[in-house]
Structure formats: C-alpha cells, structure tokens
Amino acid sequence: FAAFELETHHTILRDGLFPPGSTVALGASGGKDSTVLIHLLTTLNARYNYNLNLILVSIDEGISGYRDDSLTTVHRNRDTYNLPLHILPFAELYSGWTMDNVVAQIGKSSNCTFCGVFRRQALDRAAHAAGADVLATGHNADDLAETALMNLLRGDAPRLARSTQAITGGGRAPSKSVPLGEAAAGTGGGDD
C-alpha cells in the first residue's frame, strides 16, 4: 500500500489537484473505491501537510433496500476519519422524486442511465452546497479507460478530451479531480 500512497502523492503534486487551503469534497458512496479515497487523502493530507479541509459528500438516491448498507459505511467513514458529512437526497434535489419514483414511471430498462446522470449532477451540487473548491472521486484507471472508450464509440470529442484530464471543471462549480486515476482496479479500486 505504501507504493500506492506514494504514487497518489506524486499524482497530486504533479497535476496540482488540490491548491493548499482548499476545501475538498470526497465523493463518498460507501463502496470500496470511495473508502480507499477517504483513507488515502486523509492519510496523505496529514503526512504531507497539504493543508486541505476534507469533507464527505454522499447522495441518497432513494432506492429502497439499496443505499441503506452503503450509507452505514459512509457514516462509519465519517466517524473513523472525523470528517464532516453532507448527504443530499434525490428527493430534496429533484422536487420530491427518488429513483424509486423514476423507476415506477419509466420501468427498469433505463433506470441505471437516469440514476448515473442524476447522481453525477447531485454530487456536483452537494459539493457546491458544502462550499467545496474541488470534488474528488474514487475513480481509477479502469474507470477512466471505460469512460474514454464509451466517449470514443459515441463520437463525443468534447467529453473524450475531458475524460483524459486529471482535473476538470471549475468556474462557479467545484472542479473535479480523480486522484486515483492512474491506479488500476487491482491496486486500489474497482467498481464502486
């Protein structure tokens, strides 16, 4: 794990992922990738004195029986690492709509597509509402390769260009960074 920590530290410095003193929202799903991200950035922030204010942001999609266990893990991570936690429910963000409501209307055939789009937007909004300068996610090299391939196959050049950058966005919304972006799933992540 020491080599993984050092690799991530060098990525953070080389790509300038986090300006000193910035507030970094860590996308916390409760899965293994986001848990590794939380552990790693908390450890590296203390070890190398990045001077970051770390906070957790999580999304409750409103899927009965799905998020309960992972939100328990998110709360455990909050307590373990002593970080503030901001949970944004879909129902609050989307005028009372949860994913259960969406599925009741559209069926199960495209619900993953809707949920993915809504969740990404919700993470951005949660990070902004929490006052974050940067939103960091636990995506790894395998995740980024999959995204680049999907954008290539769709012929979406603007998204293809963005999907290969270490940090994107900014302006009025928090920028997005992927500190684990050079780590393969076998070394630090997998599906989250």
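Please refer to the structure placed before this passage.
Here we summarise the structure given alongside this text. What you are looking at is a predicted structure, and each value in this text was computed from that prediction instead of being measured.

Focus: the overall build of the protein chain
Consideration 1: In terms of regular secondary structure, the protein chain is built from nine helices and six strands.
Consideration 2: A burial count over the protein chain gives 43% of its 192 residues as buried.
Consideration 3: Across the protein chain, contacts joining residues at least 24 apart in sequence account for 76% of those joining residues at least 6 apart.
Consideration 4: As presented, the protein chain carries roughly 10100 Å² of accessible surface, and 54% of it is formed by carbon and sulfur atoms.

A word on the pairing of strand β1 (residues 23–27)
Consideration 1: Counting buried positions along β1 gives five out of five residues, so the element sits mostly inside the fold.
Consideration 2: What you see with β1 is no split at all: Thr23, Ala25 and Gly27 on one side and Val24 and Leu26 on the other are buried throughout.
Consideration 3: Pairing of β1 with strand β2 (residues 53–60), which is carried by five bridges, proceeds in the parallel orientation. Following the sheet pairing, valine 24 is matched in β2 by leucine 54.
Consideration 4: Where the polypeptide runs from β1 across helix α2 (residues 32–48) and back to β2, its parallel neighbour, the crossover connection is right-handed.
Consideration 5: Strand direction decides the pairing type here: β1 and strand β4 (residues 134–136), joined by three bridges, are parallel. Paired with valine 24 across the strands is valine 134, a residue of β4.

A closer look at the pattern of salt bridges
Opposite charge on two side chains permits pairing when their charged atoms draw close.
Consideration 1: On inspection of all chains with the given rule, the structure shows six salt bridges.
Consideration 2: Here glutamate 61 ties to arginine 119 by a salt bridge, and the two come within 2.7 Å at their closest N and O atoms. In this pair, glutamate 61 is assigned in the loop between β2 and α3 (67–81) and arginine 119 in helix α6 (residues 111–129), connecting sequence segments 58 residues apart.
Consideration 3: Arginine 119 sits in the partly exposed class, given a relative accessible area of 31%.

Things to note about the packing of aromatic side chains
Consideration 1: Within this structure, the stated rule accounts for five aromatic pairs.
Consideration 2: When the centroid spacing of 6.2 Å and the interplanar angle of 20° are considered together, the rings of tyrosine 48 and tyrosine 50 count as stacked.
Consideration 3: Overall, tyrosine 48 belongs to the partly exposed group, its relative accessible area being 31%.
Consideration 4: In this structure tyrosine 50 comes out as buried when scored by relative accessible area, which is 8%.

So, unusual backbone geometry
Consideration 1: Of note, the phi angle at asparagine 49 is positive, near 50°, even though the residue is not glycine.
Consideration 2: Relative to the helices and strands, asparagine 49 is located in the loop between α2 and β2.
Consideration 3: According to the relative accessible area criterion, asparagine 49 is exposed, its value standing at 61%.
Consideration 4: Phi is positive for asparagine 82, which is not a glycine, with a value near 55°.
Consideration 5: Relative to the helices and strands, asparagine 82 resides in the loop between α3 and β3 (85–89).

A short note on the environment of arginine 78
Consideration 1: Looking at where arginine 78 falls in the secondary structure, it is placed in helix α3.
Consideration 2: What makes arginine 78 partly exposed here is its relative accessible area of 28%.
Consideration 3: Between the C-alpha atom of arginine 78 and that of leucine 56, which follows or precedes it by 22 residues, the distance is 7.3 Å.
Consideration 4: Look past the residues within four positions of arginine 78 in its chain and what remains in contact with it is Leu56, Leu83 and Leu85.
Consideration 5: Among the polar contacts made by the side chain of arginine 78, one reaches the side chain of aspartate 79 at a distance of 2.8 Å.

So, the pairing of β3
Consideration 1: Sheet topology note: the β2/β3 ladder contains five bridges and is parallel. Its bridge partner lying in β3, aspartate 60 is registered against proline 89.
Consideration 2: In the classification by handedness, the crossover that spans β2, the intervening α3 and the parallel β3 is right-handed.

Rules behind the numbers
Residues numbered from 1 in each chain as written. Predicted model: local features only at pLDDT ≥ 70, side-chain atom pairs only at ≥ 80, totals over all residues. Heavy atoms only, no water. Helix = DSSP H or I, 4+ residues; strand = E, 2+ residues; numbered from the N terminus. Buried < 20%, exposed > 50% of the residue type's maximum accessible area, 1.4 Å probe, protein only. Contact = heavy atoms within 4.5 Å. Areas by Shrake-Rupley, 256 points an atom, 1.4 Å probe, with all protein chains shown as cover. Pairing = 2+ DSSP bridges. Right-handed = clockwise from strand over helix to strand, strands pointing away. Salt bridge = Lys/Arg side-chain N within 4 Å of Asp/Glu carboxyl O. Phe/Tyr/Trp six-rings, centres within 6.5 Å; stacked < 30°, edge-to-face > 60°. Polar contact = N/O pair within 3.5 Å; in protein donor to acceptor, adjacent residues only side chain to side chain.

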